Amino acid sequence: MTTTKTTTGRVYLTAVDQWLDSLPASESEDFKEFAEVTPSVIEIWVYAGIVGYEGTFNDLSRWIKMKYKKLNRREILNSEIAALHSDIQELRMAITSGEIKGDNGCARLAALEKELRSHIETSDRMNKTTDKRGLILAGADRVMREITAIFKDDPQFAEPIENAMNAVWSKVYSEITS
């Protein structure tokens, strides 16, 4: 990890900390709160871009991992799917070898297969939702960056555009998270 010392004498462990310190306190706190409660690093990255973060994705991702523990729900679900699949194979072999009676084994097998299908459906739904949200947020981010670039040399539009972008961001985010 590299440290950065500014002309004011402040020392920052990450570029993200330096960026957060440059924001108004309320925006910095809002961003930290968002980063804490949002499971998706991509969504945090998009939000950071809207608030003016110009650093790298890797820097932000490392900062998030240092500051906030994120539960990898996909990884957990995929490991459960693999374990259920393995349990089903073992149960089938036990039924075939006669270790477990057929009627008992069939009932357990049906329950395990039903649970496996449920896990697979949940995984598919989770992937589709995440992909959809990521695409929507990435599109909104791109539009906002383009508008900012178009009007960057016209100071009379700076504040209204920033206010409009914040309002649009809030609306889009509330729509896709509800």
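Residues numbered from 1 in each chain as written. Predicted model: local features only at pLDDT ≥ 70, side-chain atom pairs only at ≥ 80, totals over all residues. Heavy atoms only, no water.

1. Re the pattern of salt bridges
Under the definition given, this model contains four salt bridges. For Glu29, the salt bridge identified is with Lys32, shortest N-O distance 3.9 Å. In this pair, Glu29 and Lys32 are both assigned in helix H2 (residues 25-37), three residues apart and thus about one turn of the helix distant. Relative accessible area serves as the criterion here: at 28%, Lys32 is assigned to the partly exposed category. Put simply, Arg62 and Asp59 hold a salt bridge, and the shortest N to O gap is 2.7 Å. You can see Arg62 and its partner Asp59 sitting in helix H4 (residues 57-67), three residues apart, about one turn around the helix. (Salt bridge = Lys/Arg side-chain N within 4 Å of Asp/Glu carboxyl O. Helix = DSSP H or I, 4+ residues; strand = E, 2+ residues; numbered from the N terminus. Buried < 20%, exposed > 50% of the residue type's maximum accessible area, 1.4 Å probe, protein only.)

2. Considering the layout of surface pockets
Size it by volume and the largest pocket reaches roughly 480 Å³. As for the largest pocket, its lining consists of 15 residues, of which Pro39, Ser40, Val41, Arg74 and Thr130 are closest to the centre. Per element, the largest residue contribution to the lining of the largest pocket is five residues, and it comes from helix H6 (residues 102-150). In terms of residue class, the lining of the largest pocket is built from five nonpolar, five polar and five charged. Empty space within the second largest pocket amounts to approximately 370 Å³. For the second largest pocket, the lining is made up of 18 residues, of which Ile50, Met144, Arg145, Thr148 and Met165 are closest to its centre. For the lining of the second largest pocket, the secondary-structure elements that each account for two or more residues are helix H3 (41-50), H6 and helix H7 (155-177). Its residues assigned to classes, the lining of the second largest pocket shows 10 nonpolar, three polar and five charged. (1 Å grid on protein atoms, 1.4 Å probe; cavity = no way out; pocket = protein on both sides within 12 Å on 5 of 7 lines; lining within 4 Å. Points joined across faces, edges and corners; volume = space filled by probe spheres on them. Nonpolar A, V, L, I, M, F, W, Y, C, P; charged D, E, K, R; others polar.)

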